[in-house]
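Residue-level structure breakdown
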Amino acid sequence: MPESATAQDAKLAINGGTPVCRKPIPFMAPKLHPEDIAAAHAVLESGMLRAHTNCAELERQFADKTDAKFGLTCSNGTCALQLAYEGLLERGDEVIVPAWTYIATASMLVARGCKVIFCDSLEDTMQVDPADIEQRLTPNTKAIAVTHLYGMPVDIDAIQTIAEKHNLKVIYDCAQSHLATYKGKGIGAFGDACTYSFYATKNLGTGEGGLVTVNDESLNHEIGLIRSHGESDKYLHTRIGYNYRMNDITGAIGLSRLQRLEEETNARRAAADAYDKLFAEVEAVETPTRTEGADAAWHLYSLKLNLDTVSCTRDEFTKALIAEGVPCAVHYPKSLTDQPAFADVVTDHPPVARRLATRVFSIPMHHELTDEQVRNVVDAVAKVASAYAK
Ligand SMILES: Cc1ncc(COP(=O)(O)O)c(C=O)c1O
């Protein structure tokens, strides 16, 4: 006989019961290793703090590992988007962007002076819906800007086919998808530009930091100019630009961490496989469906709560889960079309994005997760689901 919801409820940690995990499981594992600290130290001792050999080597190796031709380090992932947008788009260009992503993918288009057209995502993969992009094309559409959200590549073939058919630029926001692959190739092989964030908690974190990859030599040159005040020669400024440069301490940390990134990404993949398998038994949640041909980087592992199986909201569910020792977070609590910042540019509310905002929550995902921790997370989710079962 299954226990009644009330009996389970009384046992929930949130009601004074015993938590599944007595010691909370870390949500992320952003620790530096001694070699990262030594690399930063060496730069400090050299006195060469500006972008120098470490940034240059990080650019070369990161581009190489993602199957891109050129890499450009920069201050952060938001600057990376700005650099790509400024290098590829003009003011007034109409650009299609998913409503289901982090704000920067869309807000930097607005900052560039582009007209933003929000499109929807697929409920299973939570990635952009190519069919909805096609429906929103107009004769003025100039580009598509999409995110490989949570580290899962979008259906790149479908996006590139639309782009080729309609002569559109494609910018991939890869802030969450370092080293993800699509049909056996690094994601840097596709589109006009890929942008990365090295924010402290990203798969490769340097505190703040970012990088753009491109495959076109003249675009690489142009973005290099935009990154540094359009300076083509000492104090010769051939265009307006910014100071979006990285410094060499950041470059050294990034380069050092990059040496472990493949191994750490594979550990995330193993944890995602284990979650997928164990959660198959838990009816109250849906695991992220994988894009065909994609090997994700699993920056986040985001579940969808089946709201018709439980008598609580997503927020009540995650509160109970946190009390069980499982930290969780919501990526994201709103569709971008519901963000006040976009009130002036929103024309409609893509429905899947709005629904996802009520259902998703992310559970611990990092390269140090043990089998036991994965099992405990699943047990805690199952316990909370059972307590709230309808
Ligand atoms: C999808 C996405 N794009 C862009 C950014 C912006 O990166 P940064 O915080 O380094 O500026 C982030 C950071 O969270 C992100 O997740």
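Residues numbered from 1 in each chain as written. Predicted model: local features only at pLDDT ≥ 70, side-chain atom pairs only at ≥ 80, totals over all residues.

A look at the overall build of the protein
- Within the protein one finds 12 helices and 15 strands.
- A compact globule built from 390 residues should have a C-alpha radius of gyration of about 21 Å, and the protein, at 22 Å, falls within 12% of that.
- Structurally, the protein occupies a C-alpha span of about 80 × 55 × 35 Å along its principal axes.
- Put simply, the protein has 390 residues, and 50% of those count as buried.
- Nonlocal contacts in the protein, meaning residues at least 24 apart in sequence, comprise 72% of its contacts between residues at least 6 apart. (Helix = DSSP H or I, 4+ residues; strand = E, 2+ residues; numbered from the N terminus. Rg over C-alpha atoms; globule rule 2.2 N^0.38 Å. Buried ≥ 20, exposed ≤ 12 C-beta atoms within 10 Å, placed from the backbone. Contact = placed C-beta atoms within 7 Å.)

As for the sheet that holds strand β15 (residues 360-363)
- In spatial order, the strands read β12-β14-β15; together these 3 strands make up an open sheet with antiparallel pairing. For this open sheet the edge positions go to β12 (285-286) and β15, each flanked by a neighbour on one side alone.
- Across 4 bridges, the pairing between strand β14 (residues 301-305) and β15 is antiparallel. Its bridge partner being in β15, Leu303 is matched across the sheet by Phe361. (Pairing = 2+ DSSP bridges.)

Details of the domain arrangement of the protein
- According to the domain assignment, the protein consists of domain 1 (5-30 + 260-387) and domain 2 (34-256).
- A C-alpha centroid distance of 27 Å is found between domain 1 and domain 2.
- At the interface, 31 residues of domain 1 touch 39 residues of domain 2.
- Mapped by element, the contributors of at least two residues to the side of domain 1 that touches domain 2 are α9 (248-279), β13 (294-295) and α11 (351-359).
- Broken down by element, the side of domain 1 that touches domain 2 gets its largest block of residues, 5 residues, from α11.
- Among the residues forming the side of domain 1 that touches domain 2, the class breakdown is 18 nonpolar, 9 polar and 4 charged. (Domains from an automatic or database assignment. Nonpolar A, V, L, I, M, F, W, Y, C, P; charged D, E, K, R; others polar.)

Some points on the pairing of strand β3 (residues 115-119)
- Of all 5 residues that make up β3, 4 are buried, and the element is covered over most of its length.
- In this sheet, β3 lies alongside strand β2 (residues 94-98) in parallel orientation, the contact comprising 5 bridges. By the bridge assignment for β3, Val97 is matched with Phe118.
- Between the parallel pair β2 and β3, the chain is carried across by helix α5 (residues 103-112), and the sense of this crossover is right-handed. (Right-handed = clockwise from strand over helix to strand, strands pointing away.)

Concerning the sheet that holds strand β5 (residues 169-173)
- The sheet built from 7 strands is open, its strands ordered β1-β9-β8-β5-β4-β2-β3 with mixed pairing. Unpaired on one side and paired on the other, β1 (70-74) and β3 mark the two borders of the sheet. Geometrically, the sheet is characterised by an average inter-axis angle of 20 degrees between neighbouring strands, direction not taken into account.
- Alignment of β1 against strand β9 (residues 210-214), held across 5 bridges, turns out to be antiparallel. (Axes fitted to C-alpha atoms, helices over the stretch in contact; angles between N-to-C directions.)

Details of α11
- Taken together, the buried positions of α11 are Val352, Ala353, Leu356, Ala357 and Arg359.
- Of the surrounding secondary structure, the elements contacted by the buried residues of α11 are β14, α10 (314-323) and β15.

Topic: the environment of Glu372
- Within the fold, Glu372 resides in helix α12 (residues 371-387).
- In the structure, Glu372 is positioned 340 residues away from Leu32 in sequence and 24 Å away in space, judged by C-alpha atoms.

Let's talk about the nonpolar core
- If you look at the biggest cluster of nonpolar residues, it comprises 118 residues, and the most contacted ones within it are Val95, Val212 and Val384.
- Both of domain 1 (5-30 + 260-387) and domain 2 (34-256) provide at least three residues apiece to this core.
- What Val212 contacts, discounting residues up to four positions off in sequence, is Leu72, Cys74, Ala80, Leu83, Ala84, Ala193, Thr195 and Ile223. (Core = buried A, V, L, I, M, F, W, Y, C linked by C-beta atoms within 7 Å.)

Observations regarding the site of the ligand
- Near the ligand there are 14 residues, and of these Asn76, Gly77, Thr78, Ala175 and Ser197 occur at the shortest range.
- Of all the elements in the fold, those that place two or more residues in the shell around the ligand are α4 (77-88) and α5.
- Within the shell around the ligand, the residues separate by chemical class into 4 nonpolar, 9 polar and 1 charged. (Near = placed C-beta within 6 Å.)

Side note on unusual backbone geometry
- At the junction of His331 and Tyr332, the peptide bond is cis and its omega measures out at 15 degrees in the coordinates.
- At Tyr235, a position not held by glycine, the phi torsion is positive, near 55 degrees.

As for the environment of Lys169
- Along the polypeptide, Lys169 turns up in strand β5.
- The exposure class of Lys169 is partly exposed, given the 19 C-beta atoms found within 10 Å.
- Separated by 175 residues in sequence, Lys169 and Asp344 have C-alpha atoms that sit 25 Å apart.
- Sequence-distant contacts of Lys169, defined by excluding residues within four places in its chain, comprise Leu88, Leu89, Lys142, Ala143 and Asp192.

Describing the packing of α9 against α12
- Between α9 and α12, whose axes approach to 10 Å, the crossing angle comes to 35 degrees. In this structure, α9 crosses over α12, and the sense of that crossing is right-handed. Between α9 and α12, the residues in contact are Ala271, Ala274, Tyr275, Leu278 and Phe279 and Asp371, Val374, Arg375 and Val378, respectively.
- Residues of the contact of α9 with α12, tallied by class, amount to 7 nonpolar, no polar and 2 charged. (Left-handed = near helix turned anticlockwise from the far one by under 90°.)

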